[in-house]
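Given next are the chains, with one letter for each unit.
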Amino acid sequence: MEPALKRKKAGKIKHASYQYKRKTLYIMNPKNNDYHTQQNIDHIEKMREVLETLPPFCKQFFRGVSEYTSARTRLAYAYDIRIFFEYLHDNNRSLANMDIRDFPLSLLERLTREDIEEYMEYLSYYQKDGKEYTNDERGKKRKLASLRSFYNYYFQAELIEKNPAVLVPLPKLHEKEIIRLDPAEVAILLDQVEDGTGLTKTQKRFHQATKIRDVAILTLLLGTGIRVSECVGLDIRDVDFRNNGIRILRKGGYEAVIYFGEEVENALLDYLEERQHIIPQSGHEDALFLSLQNRRMSVRAVENMVKKYSATVTSLKKITPHKLRSTYGTSLYKETGDIYLVADVLGHKDVNTTRKHYAALEDDRRRYAARQVKLRENLPE
């Protein structure tokens with residue numbers, strides 16, 4: 001049976017009255033942010049641990065930016081700034097015998113543009129505690145942006161007189177090709193999840209217990225374009241089958257309702273029937289997607305699951321959850337041609353981010369337009 005035909009058959013709706021009974025079991029209630037609140041608390045606790053390894057004046061910076069940054073962003077700042085101070089400690093002889101926690105604020109303005117440029121070069125490759133680390137242009141850009149924000153705070157507060165970080169230009173990013181799956185590849189992937197062929201013996205032992213859940217997750221990601229972090233944060237009450245929508249918490253902390261189609265609906269209903277017979281561990285009762293340990297699935301678990309299935313289909317491109325998101329965005333843009341709609345559904349705050357991702361498709365549309373206009377029709381002689 002051809003994959004596309006097989007998927008069509010697998011997606012057939014069951015008897016209407018039976019499906020209606022299934023749908024009435026799950027109606028969206030106001031979102032409870034327990035999971036996201038806990039994630040926020042975890043980030044704050046980790047940031048406080050990192051702060052204990054940094055100079056005391058750093059705490060003022062994190063208090064100052066707390067009103068307009070998320071806990072996750074501040075944690076990323078903390079990690080980046082710690083790398084910077086560790087670099088200074090390990091590579092500056094005048095600081096080698098001083099504990100990082102004793103570094104004075106005046107150190108920031110004693111550094112020069114050249115010092116920060118040397119730090120950027122160091123980030124390309126370094127070793128720490130027996131491990132090797134590398135940073136590409138995107139990694140360097142993020143770390144320099146963190147350092148700029150750090151310096152800028154003290155400079156604007158008039159606590160330092162010089163801001164050498166602003167003198168170092170951000171690395172130029174080369175556009176990466178956006179990898180997407182075509183419809184045939186999507187069908188092959190979903191068939192692979194259902195069949196489990198190509199899995200190892202160990203993987204097959206667990207496949208029967210997870211395939212309905214895995215189909216539901218992949219179908220949801222491919223059918224809505226939500227982020228994997230938004231997917232694992234879903235609670236059962238976030239699913240509304242009356243309107244075929246899911247309530248998610250976007251980056252930035254705002255709520256949004258994303259709507260889904262028939263294939264996603266069927267995959268979720270199949271999984272929820274199975275989910276009713278699972279007894280979650282304490283604290284995970286509300287989670288939509290559960291692991292084999294009956295705990296809320298993590299982002300890493302979904303990433304590993306996608307990697308596991310994609311590895312069995314050698315003809316497919318390298319697949320990650322983000323590429324499933326790109327696949328949805330591509331399909332939606334091809335169908336509608338509305339870049340603003342795509343930006344809204346994907347949760348991009350700036351439509352230019354979306355436009356950049358789908359610039360190649362816009363170029364194809366412009367080429368198509370050029371072929372449609374004829375200035376001189378071939379007239380019969």
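Residues numbered from 1 in each chain as written. Predicted model: local features only at pLDDT ≥ 70, side-chain atom pairs only at ≥ 80, totals over all residues. Heavy atoms only, no water.

**Student:** Would you mind going over the sheet that holds strand 3 (residues 239-240) with me for this structure?
**Tutor:** Each strand in a sheet pairs with its neighbour through backbone hydrogen bonds, running either in the same direction (parallel) or in the opposite one (antiparallel). Reading across the sheet, the three strands line up as 3-4-5 and stay open at both edges, with antiparallel pairing between neighbours. Edge positions in the open sheet fall to strand 3 and strand 5 (255-259), since each of these has one partner strand only. (Pairing = 2+ DSSP bridges. Helix = DSSP H or I, 4+ residues; strand = E, 2+ residues; numbered from the N terminus.)

**Student:** I would appreciate a short explanation of the packing of helix 4 (residues 58-65) against helix 5 (residues 71-91) in the present structure.
**Tutor:** Between two packed helices, the angle of one axis relative to the other and the distance separating the axes together describe the packing. Where helix 4 contacts helix 5, the two axes come as close as 11 Å, and the packing angle between them is 155°. One element, helix 4, and the other, helix 5, form an angle in the roughly antiparallel class. Where helix 4 crosses over helix 5, the handedness of that crossing is right-handed. The residues of helix 5 that touch helix 4, namely those facing Cys58, Phe61, Phe62 and Val65, are Arg74, Tyr77, Ala78, Ile81 and Phe85. Split into classes, the residues belonging to the contact of helix 4 with helix 5 amount to eight nonpolar, no polar and one charged. (Axes fitted to C-alpha atoms, helices over the stretch in contact; angles between N-to-C directions. Parallel < 35°, antiparallel > 145°, perpendicular 65-115°, else oblique. Left-handed = near helix turned anticlockwise from the far one by under 90°. Contact = heavy atoms within 4.5 Å. Nonpolar A, V, L, I, M, F, W, Y, C, P; charged D, E, K, R; others polar.)

**Student:** Quick question: what am I supposed to make of the packing of helix 10 (residues 201-224) against helix 13 (residues 299-310) here?
**Tutor:** At their nearest, the axes of helix 10 and helix 13 sit 11 Å apart, and the two run at 105° to each other. As judged from the angle between their axes, helix 10 and helix 13 are roughly perpendicular. Packed against helix 10, whose contacting residues are Gln203, His207, Thr210, Asp214, Ile217, Leu218 and Leu221, the element helix 13 presents Val302, Met305, Val306, Lys308 and Tyr309 at the interface. Taken together, the residues of the contact of helix 10 with helix 13 sort by class into seven nonpolar, three polar and two charged.

**Student:** Help me understand the packing of aromatic side chains, please; the structure alone is not making it clear to me.
**Tutor:** What describes a pair of aromatic rings is the distance from one ring centre to the other and the angle between the planes of the rings. Applying the stated rule across the entire model yields 19 aromatic pairs. Taking the centre distance of 6.3 Å and the plane angle of 80° together, the rings of Phe57 and Phe85 count as edge-to-face. A residue pair is termed long-range when its members are at least 10 positions apart, and Phe57 in the loop between helix 3 (34-51) and helix 4 and Phe85 in helix 5 qualify at 28 residues. Classification of Phe85 by relative accessible area gives buried; the value is 0%. Centre to centre, the rings of Tyr87 and Tyr119 are 5.3 Å apart; their planes meet at 50°, and the pair counts as tilted. (Phe/Tyr/Trp six-rings, centres within 6.5 Å; stacked < 30°, edge-to-face > 60°. Buried < 20%, exposed > 50% of the residue type's maximum accessible area, 1.4 Å probe, protein only.)

**Student:** Would you explain the nonpolar core in this entry?
**Tutor:** As a rule of thumb, nonpolar side chains are buried together in soluble globular proteins. Leu220, Ile226, Ile246, Phe289, Val302 and Leu324 are the most contacted members of the largest nonpolar core, which has 43 residues in total. For this core, the secondary structure elements donating two or more residues are helix 9 (183-195), helix 10, helix 11 (228-232), strand 4 (245-249), strand 5, helix 12 (262-275) and helix 13. The greatest single-element share of this core, amounting to seven residues, is contributed by helix 10. Beyond its immediate stretch of four places on either side in the chain, Leu220 contacts Gly225, Ile226, Cys231, Leu234, Ile246, Val264, Leu268 and Phe289. (Core = buried A, V, L, I, M, F, W, Y, C linked by side-chain atoms within 4.5 Å.)

**Student:** What exactly am I supposed to notice about unusual backbone geometry here?
**Tutor:** It is generally the case that most residues other than glycine have a negative phi and that most peptide bonds are trans. Phi at Asp129 takes a positive value of approximately 55°, unusual for a residue other than glycine. Structurally, the position occupied by Asp129 is in the loop between strand 1 (125-128) and strand 2 (131-134).

**Student:** Quick question: what am I supposed to make of helix 10 here?
**Tutor:** Side chains three or four residues apart in an α-helix point the same way, a direct result of the helix having 3.6 residues per turn. A rise of 1.5 Å per residue sets the reference length of helix 10, with its 24 residues, at 34 Å; its end C-alpha atoms lie 32 Å apart and thus fit the reference within 8%. The largest bend in helix 10 comes to about 65°, at Thr210. Gly225 lies just past helix 10 and shows a positive phi near 75°. (Expected span 1.5 Å × (residues − 1). Bend = angle between axes of the 7 residues up to and from the residue.)

**Student:** How should the environment of Leu107 be read in this particular structure?
**Tutor:** Here Leu107 shows up in helix 6 (residues 107-110). For Leu107, a relative accessible area of 3% translates into the label buried. Along the backbone, Leu107 and Leu95 are twelve residues apart, and their C-alpha atoms lie at a distance of 9.9 Å. Other than its neighbours up to four places away in sequence, Leu107 contacts Phe85, Leu88 and Leu95.

**Student:** What is the right way to look at helix 13 in this model?
**Tutor:** The terminal C-alpha atoms of helix 13, which comprises twelve residues, lie 17 Å apart, in line with the 16 Å expected from a rise of 1.5 Å per residue. Of all the positions in helix 13, only Val302, Met305, Val306, Tyr309 and Ser310 are classed as buried. Looking straight down helix 13, one finds that the buried residues subtend no more than 125° of arc, so they occupy a single side. Exposed residues pointing more than 90 degrees away from the buried face of helix 13 are listed as Arg300 and Lys307. At its buried positions, helix 13 is contacted by helix 9, helix 10, helix 11 and helix 14 (321-336). (Arc of directions from axis to C-beta.)

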